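Residue strings, one per chain:
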Amino acid sequence: MRFYGVPSENRVLEIVESIKNGEWVFEDTKEKVKETLSFEEAKAKLRQLVEEVKRWKEQLTTLTQGTVFIFVHEPSEPKAFKIYDTSSLGCSTSLTPPRWKVYLKELENAEGL
(Lines give C-alpha, C1' and ligand atoms only; values in the text may rest on other atoms or scores of the structure.)
Protein backbone atom coordinates (compact mmCIF):
# COMPACT_ATOMS: atom_id res chain seq x y z
CA MET A 1 0.00 0.00 0.00
CA ARG A 2 1.24 3.45 -0.82
CA PHE A 3 0.75 6.22 1.72
CA TYR A 4 1.01 9.96 1.15
CA GLY A 5 2.25 12.34 3.82
CA VAL A 6 -0.06 15.25 4.54
CA PRO A 7 1.84 18.21 6.06
CA SER A 8 -1.29 20.29 6.73
CA GLU A 9 -3.58 19.16 9.52
CA ASN A 10 -6.40 21.22 7.97
CA ARG A 11 -6.01 19.19 4.77
CA VAL A 12 -6.14 15.99 6.84
CA LEU A 13 -9.44 17.17 8.33
CA GLU A 14 -10.82 17.71 4.82
CA ILE A 15 -9.79 14.17 3.90
CA VAL A 16 -11.37 12.81 7.10
CA GLU A 17 -14.65 14.56 6.30
CA SER A 18 -14.78 12.75 2.94
CA ILE A 19 -15.20 9.39 4.74
CA LYS A 20 -18.78 8.32 4.07
CA ASN A 21 -19.14 4.71 5.16
CA GLY A 22 -17.53 1.45 6.18
CA GLU A 23 -16.45 -0.44 9.24
CA TRP A 24 -13.08 0.85 10.48
CA VAL A 25 -10.35 -0.39 12.82
CA PHE A 26 -8.39 1.77 15.26
CA GLU A 27 -5.05 0.51 16.55
CA ASP A 28 -2.82 2.09 19.17
CA THR A 29 0.43 0.21 18.59
CA LYS A 30 2.06 1.47 21.77
CA GLU A 31 -0.82 0.62 24.11
CA LYS A 32 -1.68 -2.58 22.16
CA VAL A 33 -5.31 -1.49 21.75
CA LYS A 34 -7.40 -2.52 18.76
CA GLU A 35 -11.07 -1.73 18.29
CA THR A 36 -13.69 -1.74 15.57
CA LEU A 37 -15.39 1.59 14.81
CA SER A 38 -18.27 2.84 12.73
CA PHE A 39 -17.31 5.40 10.10
CA GLU A 40 -18.65 8.19 12.38
CA GLU A 41 -16.50 6.93 15.27
CA ALA A 42 -13.48 6.64 12.95
CA LYS A 43 -13.93 10.25 11.85
CA ALA A 44 -14.18 11.39 15.48
CA LYS A 45 -11.04 9.41 16.42
CA LEU A 46 -9.11 10.86 13.48
CA ARG A 47 -10.20 14.41 14.40
CA GLN A 48 -8.93 13.76 17.93
CA LEU A 49 -5.56 12.54 16.63
CA VAL A 50 -5.24 15.56 14.31
CA GLU A 51 -5.80 17.84 17.31
CA GLU A 52 -3.05 15.97 19.17
CA VAL A 53 -0.62 16.58 16.29
CA LYS A 54 -1.59 20.27 16.25
CA ARG A 55 -0.79 20.50 19.99
CA TRP A 56 2.65 18.98 19.42
CA LYS A 57 3.42 21.56 16.75
CA GLU A 58 2.30 24.38 19.05
CA GLN A 59 4.15 23.14 22.13
CA LEU A 60 7.37 21.79 20.64
CA THR A 61 9.17 24.80 19.22
CA THR A 62 11.73 22.57 17.47
CA LEU A 63 9.04 21.19 15.15
CA THR A 64 8.37 23.02 11.92
CA GLN A 65 4.78 23.42 10.78
CA GLY A 66 5.61 21.25 7.77
CA THR A 67 6.65 18.23 9.83
CA VAL A 68 4.56 15.30 8.60
CA PHE A 69 3.02 12.96 11.15
CA ILE A 70 -0.08 11.84 9.26
CA PHE A 71 -0.08 9.63 6.17
CA VAL A 72 -3.10 8.52 4.18
CA HIS A 73 -3.69 5.82 1.60
CA GLU A 74 -5.40 7.47 -1.38
CA PRO A 75 -6.31 10.99 -0.18
CA SER A 76 -9.13 11.21 -2.76
CA GLU A 77 -10.70 8.03 -1.35
CA PRO A 78 -9.20 7.43 2.10
CA LYS A 79 -9.05 3.82 3.22
CA ALA A 80 -6.24 3.93 5.77
CA PHE A 81 -4.35 6.42 7.92
CA LYS A 82 -1.04 6.07 9.74
CA ILE A 83 -0.20 8.60 12.44
CA TYR A 84 3.31 8.78 13.84
CA ASP A 85 4.24 10.39 17.13
CA THR A 86 7.21 12.52 18.10
CA SER A 87 9.28 9.44 18.99
CA SER A 88 9.56 8.73 15.26
CA LEU A 89 11.63 11.88 14.75
CA GLY A 90 15.39 11.58 14.73
CA CYS A 91 18.25 9.96 12.93
CA SER A 92 17.07 6.40 12.66
CA THR A 93 17.97 4.36 9.59
CA SER A 94 14.44 2.98 9.39
CA LEU A 95 11.03 4.45 10.12
CA THR A 96 9.52 3.35 13.41
CA PRO A 97 6.05 1.81 13.29
CA PRO A 98 3.17 4.30 13.39
CA ARG A 99 1.76 5.07 16.81
CA TRP A 100 -1.83 4.88 15.56
CA LYS A 101 -3.51 3.29 12.58
CA VAL A 102 -7.08 3.81 11.40
CA TYR A 103 -8.19 1.77 8.42
CA LEU A 104 -11.10 0.03 6.76
CA LYS A 105 -11.69 -3.37 8.32
CA GLU A 106 -11.43 -5.01 4.88
CA LEU A 107 -7.74 -4.00 4.85
CA GLU A 108 -6.97 -5.65 8.18
CA ASN A 109 -4.46 -8.11 6.72
CA ALA A 110 -3.20 -5.95 3.88
CA GLU A 111 0.53 -5.81 3.27
CA GLY A 112 2.16 -2.49 4.11
CA LEU A 113 -0.47 -1.40 6.59
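For the structure, check the block above.
Here's a quick rundown of the structure. (Residues numbered from 1 in each chain as written. Predicted model: local features only at pLDDT ≥ 70, side-chain atom pairs only at ≥ 80, totals over all residues. Heavy atoms only, no water.)

**Here we look at the packing of aromatic side chains**
And step 1. Considering all chains together, one arrives at four aromatic pairs under this definition.
And step 2. Seen in terms of ring centroids, Trp24 and Phe81 are 6.5 Å apart; in terms of plane orientation they differ by 40°. Their pairing is tilted. Of the two residues, Trp24 is situated in strand 2 (residues 23–28) and Phe81 in strand 5 (residues 80–83); the sequence distance between them amounts to 57 residues. Accessibility classification places Trp24 together with Phe81 in one group, the buried group.
And step 3. Cluster of aromatic residues (ring-pair linked, three or more members): Trp56, Phe69 and Trp100.
And step 4. Positioned above the aromatic ring of Phe26, the side-chain terminus of Lys45 is 4.5 Å from the ring centre.
And step 5. Over the aromatic face of Phe3 sits the side chain of Lys82, whose NZ or CZ is 4.5 Å from the ring centroid. (Phe/Tyr/Trp six-rings, centres within 6.5 Å; stacked < 30°, edge-to-face > 60°. Helix = DSSP H or I, 4+ residues; strand = E, 2+ residues; numbered from the N terminus. Buried < 20%, exposed > 50% of the residue type's maximum accessible area, 1.4 Å probe, protein only. Lys NZ or Arg CZ within 6 Å of the ring centre and 35° of its normal.)

**Here we look at the side chain of Glu9**
And step 1. Mapped onto the elements of the fold, Glu9 is located in helix 1 (residues 9–17).
And step 2. If sequence neighbours within four positions are ignored, Glu9 has contacts with Val50, Val53, Lys54 and Lys57. (Contact = heavy atoms within 4.5 Å.)

**A word on the pattern of salt bridges**
And step 1. For the structure shown, the criterion picks out eleven salt bridges.
And step 2. The residue Arg99 makes a salt bridge to Asp85 at a minimum N-O spacing of 3.8 Å. Linking Arg99 in the loop between strand 5 and strand 6 (100–104) with Asp85 in the loop between strand 5 and strand 6, this pair joins segments that are 14 residues apart in sequence. Each member of the pair Arg99 and Asp85 is classed as buried.
And step 3. Each member of the salt-bridge network shares a partner with another, and the members are Glu17, Lys43 and Arg47. (Salt bridge = Lys/Arg side-chain N within 4 Å of Asp/Glu carboxyl O.)

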